[in-house]
Amino acid sequence: MLAKKLVCLECQAVSEPTPDAYLCPQCTDESTWAQHRCPDRPGILDVRYEMPGSSSEFLAGVAIAGRRDLFRYQSLLPIAPCPDLLPTGSTPLFSAPRLAARLGLETLWIKDETKNPTQCLKDRATAVGVSIAHASGRPDLFCASAGNAAISLAGYCAHRGLTSHVFVPRRASEVRLSWLQRYGAQITVSKGDYDRAVADSEVEGRKQGWWSRNCAYNPFLVEGKKTVAFEISEQLDWSAPDVVAAPVGDGCTLAAIGKGFRELREIGVLPKSPRLIGVQADANRPLVEAFAASRNRELSPRRDASTRAASIDVKHPRNQTRLLAELSGCAGELVTAQDAEITTAQAWLSQEAGVVAEFTSAAALVGLRKTLERASPSSLDQENSELPPRTAVLVLTGGRVDD
Ligand SMILES: *Cc1c(COP(=O)(O)O)cnc(C)c1O
Ligand SMILES: [Zn+2]
């Protein structure tokens, strides 16, 4: 591995970045797997690098990499790309002036992750995953997923002749199952929700010795996801917007975006990180609750009993520690979206920006709208005394529409 070390986000223990590194043994109650339950607060490991000594060293590395995909940021990735990788990343960033006007922004950019090989941001993690599996000669990979991570894994495995073992919730959509079938995945439908599918996948994956693409646990996969932040910055001439919004399930995606911008700041490429805005469904909002509790804030009562935002319908978010740390480093926010609000946002995205977002993805627009309303000059308060944001990036994480 090309990383320098791994650091546990719970106990700060330092370990070697070997291809099989996983959770911190000290901080993870492994006995829960046997009961098909996930450990409560697992010790997630964070990958650390010998950081480029200066912004010019980093930018020179990007320039000489001579490739369009996410591996052009090689100095901040844990592995070299496998040969013949599906073309991952380099997705478009474009301005959406009608939505910007609606939100009262000077500029709103959409980072269109639906242009990845399997139409989702998840491909960034998978690209790193299959590269590690290739380097360490592992032909079988597994993951648990409401659809997108599994479809991504299945597509990349199909391309490389690897076997994908995917564990989906009982209520996985027909559309998602059919994508998995097209790619030839080995599918296990679990007896419960996503959280149960994760536990099932860990039990079986461990027993069989398969390589794990469970992004929330495998420390190397978040590294792929963070490249979306590098690209956004590169596409803005190595600057950053005021805010970046994305939907939040396990928390890996938004935390990875935060890590990417933070690393650019640490190297000196950016003067400051953008504010992260994360969005959970009103019906299932554990991270919003943890975030509010950490700030002694009251939340309004939940109104939705269930949500159609399947890709963020996660009851036990596994990257809570990572995400909360990134949020406090950038004055970030976590907000909720009701399904009715997401439906409206999904229509705005297609009718006023020309993009088809999957339901989960459209939640990001609800969060952006709510945060901007709160930050408007008339509602400025002590806690939020900065100038209102003028520029924002909405990360369109996926475009697979279920019906
Ligand atoms: C997985 C996913 C998310 C959320 O990512 P987490 O890492 O679970 O927070 C958001 N949007 C889409 C489309 C996804 O597939
Ligand atoms: Zn630990």
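The preceding data block contains the structure.
A quick note: this is a predicted structure, and the numbers were derived from the prediction, not measured.

What counts and what doesn't
Residues numbered from 1 in each chain as written. Chains lettered and ligands numbered in written order. Predicted model: local features only at pLDDT ≥ 70, side-chain atom pairs only at ≥ 80, totals over all residues. Heavy atoms only, no water. Pairing = 2+ DSSP bridges. Helix = DSSP H or I, 4+ residues; strand = E, 2+ residues; numbered from the N terminus. 1 Å grid on protein atoms, 1.4 Å probe; cavity = no way out; pocket = protein on both sides within 12 Å on 5 of 7 lines; lining within 4 Å. Points joined across faces, edges and corners; volume = space filled by probe spheres on them. Nonpolar A, V, L, I, M, F, W, Y, C, P; charged D, E, K, R; others polar. Near = heavy atom within 4 Å. Polar contact = N/O pair within 3.5 Å; in protein donor to acceptor, adjacent residues only side chain to side chain. Areas by Shrake-Rupley, 256 points an atom, 1.4 Å probe, with all protein chains shown as cover. Sits in = over half its atoms within 2 Å of the grid points. Axes fitted to C-alpha atoms, helices over the stretch in contact; angles between N-to-C directions. Parallel < 35°, antiparallel > 145°, perpendicular 65-115°, else oblique. Left-handed = near helix turned anticlockwise from the far one by under 90°. Contact = heavy atoms within 4.5 Å. Donors = N, O, S within 2.8 Å, 3.2 Å for Na, K, Ca; no water. Tetrahedral: all angles 85-135°; square planar, octahedral: opposite > 155°, others 65-115°. Core = buried A, V, L, I, M, F, W, Y, C linked by side-chain atoms within 4.5 Å. Buried < 20%, exposed > 50% of the residue type's maximum accessible area, 1.4 Å probe, protein only. Disulfide = S-S within 2.5 Å.

Asker: Any chance you could explain the sheet that holds strand 8 (residues 186–189) here in plain terms?
Answerer: Neighbouring strands of a sheet are bound in pairs by backbone hydrogen bonds; such pairs are parallel or else antiparallel. Spatially, 8-7-6-9 is the arrangement adopted by the four strands of the open sheet, whose pairing is parallel. Of all strands in the sheet, those bounded by a partner on one side alone are strand 8 and strand 9 (211–212).

Asker: What am I meant to see in the pairing of strand 1 (residues 5–8) here?
Answerer: Residues in a regular strand project their side chains so that they alternate between the two faces of the sheet. Taken together, the four bridges between strand 1 and strand 3 (residues 45–48) define a ladder with antiparallel strand orientation. Within strand 3, the residue paired with Cys 8 across the bridge is Leu 45. Here strand 1 runs beside strand 2 (residues 14–15); their pairing, made up of two bridges, is antiparallel. What sits directly across from Val 7, in strand 2, is Val 14.

Asker: For this particular structure, what's the right way to read empty space enclosed by the protein?
Answerer: Picture a little ball the size of a water molecule; that probe, rolled over the atoms, points out where space is still empty. Throughout the structure, instances matching the rule amount to two cavities of 30 Å³ or more. Here the largest cavity is characterised by a volume of approximately 440 Å³. Forming the walls of the largest cavity are 35 residues, and the residues nearest its centre are Lys 122, Lys 225, Asp 250, Thr 253 and Ser 311. Among the elements that make up the lining of the largest cavity, the one with the highest residue count is helix 9 (residues 252–267) (three residues). Tallied by class, the residues present in the lining of the largest cavity amount to 17 nonpolar, eleven polar and seven charged. Lining the second largest cavity are Arg 176, Arg 308, Ala 310, Ser 311, Glu 358, Phe 359, Thr 360 and Asp 402. Taken together, the residues of the lining of the second largest cavity sort by class into two nonpolar, two polar and four charged.

Asker: What exactly am I supposed to notice about the site of ligand 1 here?
Answerer: Around ligand 1 sit 17 residues, and of these Lys 122, Asn 148, Gly 249, Thr 253 and Thr 397 come closest. Between an oxygen atom of ligand 1 and a main-chain N or O atom of Cys 252, the distance comes to 3.1 Å. Out of a free accessible area of 380 Å², ligand 1 has 96% covered by protein chains. Assessed atom by atom at 2 Å from the grid points, ligand 1 resides in the largest cavity. Split into classes, the residues belonging to the shell around ligand 1 amount to five nonpolar, eight polar and four charged.

Asker: Any chance you could explain the packing of helix 8 (residues 227–235) against helix 9 here in plain terms?
Answerer: For the pair helix 8 and helix 9, interaxial distance at closest approach is 7 Å and the crossing angle is 55°. By the angle between their directions, the pair helix 8 and helix 9 is classed as oblique. For the crossing formed where helix 8 meets helix 9, the hand is right-handed. Across the interface between the two elements, Val 228, Ala 229, Phe 230, Ile 232 and Ser 233 of helix 8 pack against Ile 257, Gly 260, Phe 261, Glu 263 and Leu 264 of helix 9. Its residues assigned to classes, the contact of helix 8 with helix 9 comprises seven nonpolar, two polar and one charged.

Asker: Where do I start with the layout of surface pockets in this structure?
Answerer: By volume, the largest pocket amounts to about 720 Å³. Lining the largest pocket we find 29 residues, and of these Arg 171, Thr 307, Arg 308, Ala 310 and Asp 313 sit closest to its centre. Across the lining of the largest pocket, the residue classes break down as ten nonpolar, six polar and 13 charged.

Asker: Whenever I open this one, the sheet that holds strand 1 confuses me. Can you help?
Answerer: The sheet built from three strands is open, its strands ordered 2-1-3 with antiparallel pairing. The sheet terminates laterally at strand 2 and strand 3, the two strands that pair on one side only.

Asker: What should I look at first to understand unusual backbone geometry in this one?
Answerer: Both trends apply: most residues other than glycine have a negative phi, and most peptide bonds are in trans. Located in the positive-phi region is Trp 238, a residue other than glycine, with phi close to 55°. Its place among the elements puts Trp 238 in the loop between helix 8 and strand 10 (243–247). The backbone phi angle of Ala 331 is positive, close to 55°, even though this residue is not glycine. As for its placement among the helices and strands, Ala 331 is situated in the loop between helix 11 (320–328) and strand 12 (333–337).

Asker: In this structure, what is going on with the coordination of the zinc ion (ligand 2)? I would like to understand it.
Answerer: Coordination angles at a metal have ideal targets, namely 109.5 degrees for four tetrahedral donors and 90 or 180 degrees for six octahedral donors. Coordination of the zinc ion (ligand 2) by the protein involves Cys 8 (SG), Cys 11 (SG), Cys 24 (SG) and Cys 27 (SG), with metal-donor separations of 2.3 to 2.4 Å. Around the zinc ion (ligand 2), the four donor atoms are arranged such that angles at the metal cover 103 to 113°; this shape is classified as tetrahedral.

Asker: Looking at this model, I keep getting lost on the nonpolar core. Mind explaining?
Answerer: What tends to happen in soluble globular proteins is that the nonpolar side chains get buried as a cluster. Residues Phe 58, Leu 180, Leu 254, Ile 257 and Leu 334 are the most contacted members of the largest nonpolar core, which totals 78 residues. With residues near it in sequence (within four places) discarded, Leu 334 still touches Val 248, Leu 254, Gly 278, Leu 287, Val 288, Phe 291, Leu 323 and Leu 327.

Asker: What is the right way to look at the state of the cysteines in this model?
Answerer: Working definition: the covalent bond between the sulfur atoms of two cysteines is a disulfide. Overall, the coordinates contain zero disulfides when judged by the stated rule. Unpaired in terms of disulfides, Cys 120 finds its nearest cysteine sulfur in Cys 215, a separation of 11 Å. Looking at Cys 120, the relative accessible area reads 3%, which means it is buried. Looking at the unpaired Cys 143, the closest cysteine sulfur is the one in Cys 157, lying at 8.9 Å.

Read these as spatial facts, not as claims about activity.
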